[in-house]
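Chain by chain, the residues run as shown.
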Amino acid sequence: MSINIKTPEEIEKMRIAGRLAADVLHMIKPYVQPGITTNELDQICHDYIVNEQQAIPAPLNYRGFPKSICTSINHQVCHGIPSDKALKKGDIVNIDITVIKDEFHGDTSKMFYLGDPGIKARRISEIAHECLLLGIEQVKPGGHMGDIGQAIQTHAESKNCSVVREYCGHGIGRVFHEDPQVLHYGKANTGIVMETGMIFTIEPMINAGKRHVKLLNDQWTVVTKDHSLSAQWEHTILVTDTGYEVLTLRPGDEI
Ligand code: MF3
Ligand code: CO
Ligand code: CO
């Protein structure tokens, strides 16, 4: 297990990559409307990343992933593959963007509402967002990775929701997924100690029903076994001397 501590020069490049990833989520927002297909969203993001940002969409061909973004709808947990199916009123969708700029990765995702989703869909999206924020608030040098997991798990379970265990946050830099693993469940004061200069994602997947998941035959799309709704939000986080810096803030938007 070797966690690389980023140098000031690397951190500056990660700030740029993080901002670009966030900008894609900001750019795509007006397009996320009932009737659009996730393939169309993929195409718009792809063209923006490649042509406007002169960056690389990291998912494309990553371990064989066929598209440039992940789109996970309703009971899909993560890694949904864009398709020709249209989004419809009442859906919730996670759009997950990872860009590579100047060799460094920025990784972020958020939930979008199509029209006016029902109370249950809004609730799971909000709880997953609260889980992300509570996890982020635990980040500081000297803290333990388990502090993040406990904060997220405690909140999710207090709302009778569950935390997906099979997928986790991750160190990130020149490599898309590097050490450490960032579990979204666990016990405070356990696990690796955070140090200034570490960069990792926090990206809790929270289910309205049971935590168990199933991989579809496409070998990518993860869904809830009980078909309950699921939601996820993700930021790339730098550990600073005083706490944390969110590298994937969307200008003028919530964290
Ligand atoms: N962006 C995802 C993450 O947060 C990873 C997607 S891998 C892909 O780690 F191949 F599905 F794109
Ligand atoms: Co990630
Ligand atoms: Co991601």
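Bear in mind the structure is a predicted one, so any value in this text is a computation, not a measurement. Per chain, residue numbering runs from 1 following the sequence as it is written. Labels are handed out in written order, letters beginning with A for the chains and numbers beginning with 1 for the ligands. Note on the predicted model: pLDDT of at least 70 is required for a residue's local features to be given, and 80 or more for side-chain atom pairs to be given and counted; whole-chain, interface and lining totals, by contrast, use all residues. The basis for the side-chain values is all heavy atoms of the structure; hydrogens and waters are excluded.

Note: α-helices contain 3.6 residues per turn, so residues at a spacing of three or four share the same orientation. Here a helix means four or more residues in a row that DSSP labels H or I, a strand means two or more in a row labelled E, and each is numbered from the N terminus. A helix is expected to span 1.5 Å multiplied by its residue count minus one. Here helix H3 (residues 119-136) spans 26 Å end to end across 18 residues, near enough to the 26 Å set by a 1.5 Å rise per residue. The set of residues buried in H3 consists of Ala 121, Ile 124, Ser 125, Ile 127, Ala 128, His 129, Cys 131, Leu 132, Gly 135 and Ile 136. Residue burial is assigned from relative accessible area. The probe radius is 1.4 Å, only protein chains are included, and a residue is buried under 20% of its type maximum, exposed over 50%, and partly exposed in between.

Only nitrogen, oxygen and sulfur atoms qualify as donors, and only when within 2.8 Å of the metal (3.2 Å in the case of Na, K and Ca); with water excluded, sites may look incomplete. Taken together, Asp 96 (OD), Asp 96 (OD), Asp 107 (OD) and Glu 234 (OE) make up the protein donors of the cobalt ion (ligand 3), found 2.1 to 2.4 Å from the metal. Tetrahedral means four donors with every angle between 85 and 135 degrees, whereas square planar (four donors) and octahedral (six donors) require angles over 155 degrees between opposite donors and between 65 and 115 for all others; sites fitting neither are termed irregular. Around the cobalt ion (ligand 3), the six donor atoms are arranged such that angles at the metal cover 58 to 165 degrees; this shape is classified as irregular.

Whenever Lys or Arg places a side-chain nitrogen within 4 Å of a carboxyl oxygen from Asp or Glu, that contact is recorded as a salt bridge. Evaluated as defined, the whole model comprises nine salt bridges. Here Lys 6 makes a salt bridge to Glu 178, at a shortest N to O gap of 2.6 Å. In this pair, Lys 6 sits in the segment before helix H1 (8-28) while Glu 178 sits in strand S8 (residues 178-182), placing the two residues 172 residues apart along the sequence. With respect to class, Lys 6 is no different from Glu 178; both count as buried. Lys 13 serves as the salt-bridge partner of Asp 102, at 3.6 Å between the closest nitrogen and oxygen. With Asp 102 in the loop between strand S4 (92-101) and strand S5 (104-113) and Lys 13 in helix H1, this pair connects stretches of sequence that are 89 residues apart. In this structure Lys 13 comes out as partly exposed when scored by relative accessible area, which is 32%. Through salt bridges with shared partners, one network takes in Glu 10, Glu 103 and Arg 174.

On to the side chain of His 129, then. You can see His 129 is positioned in helix H3. Once you skip the residues sitting within four places of it in the chain, His 129 turns out to touch Trp 233, Glu 254 and Ile 255. The contact rule is simple, with two residues in contact once any of their heavy atoms fall within 4.5 Å.

Taking strand neighbours across the sheet as the criterion, the three strands line up as S6-S10-S13 in an open arrangement whose pairing is antiparallel. Each of the sheet's edge strands pairs with one partner strand only, and the pair in question is strand S6 (162-163) and strand S13 (230-232). By definition, two strands form a pair when at least two bridges between them are found by DSSP.

Another aspect to go through is the sheet that holds strand S3 (residues 76-78). Ordered in space as S3-S12-S11, the three strands form an open sheet in which the pairing is antiparallel. Sheet topology places S3 and strand S11 (213-215) at the edges, where each strand pairs with a single neighbour. Ignoring which end each strand starts from, the neighbouring axes of this sheet average 40 degrees apart. Sheet topology note: the S11/strand S12 (residues 222-224) ladder contains three bridges and is antiparallel. Bridge pairing links Val 213 to Thr 224 in S12. For every element, the axis is a line fit to its C-alpha atoms; helices are fit only across the contacting stretch, and the angle between N-to-C directions ranges from 0 to 180 degrees.

The next subject is the site of ligand 1. Nearness here has a simple test: a residue counts as near a molecule or strand if at least one of its heavy atoms is within 4 Å of that partner. Near ligand 1 there are 14 residues, and of these Pro 59, His 170, His 177, Glu 203 and Glu 234 occur at the shortest range. Polar contacts, as used here, are pairs of N or O atoms within 3.5 Å; protein pairs need one atom able to donate a hydrogen and one able to accept it. Residues neighboring in sequence count only if both atoms are side-chain atoms. Residue His 177 places a side-chain N or O atom 2.7 Å away from an oxygen atom belonging to ligand 1. Here, Shrake-Rupley sampling with a 1.4 Å probe gives the accessible areas, and only protein chains in the shown set may cover a residue. For ligand 1, the accessible surface in isolation is 340 Å², of which the surrounding protein chains cover 97%. Three classes are used: nonpolar for Ala, Val, Leu, Ile, Met, Phe, Trp, Tyr, Cys and Pro, charged for Asp, Glu, Lys and Arg, and polar for all others, with Gly counted as polar. Split by residue class, the shell around ligand 1 holds six nonpolar, four polar and four charged.

The next subject is the coordination of the cobalt ion (ligand 2). With distances of 2.0 to 2.2 Å, the protein atoms coordinating the cobalt ion (ligand 2) are Asp 107 (OD), His 170 (NE2), Glu 203 (OE) and Glu 234 (OE). Given six donor atoms and angles of 52 to 160 degrees at the metal, the environment of the cobalt ion (ligand 2) is assigned as irregular. Within one chain, the residues serving as donors to the cobalt ion (ligand 2) are arranged as D-x62-H-x32-E-x30-E. The class for Asp 107 is buried, based on a relative accessible area of 3%. The class of His 170 is buried, set by a relative accessible area of 5%.

Read these as layout, nothing more, since geometry by itself doesn't imply function.
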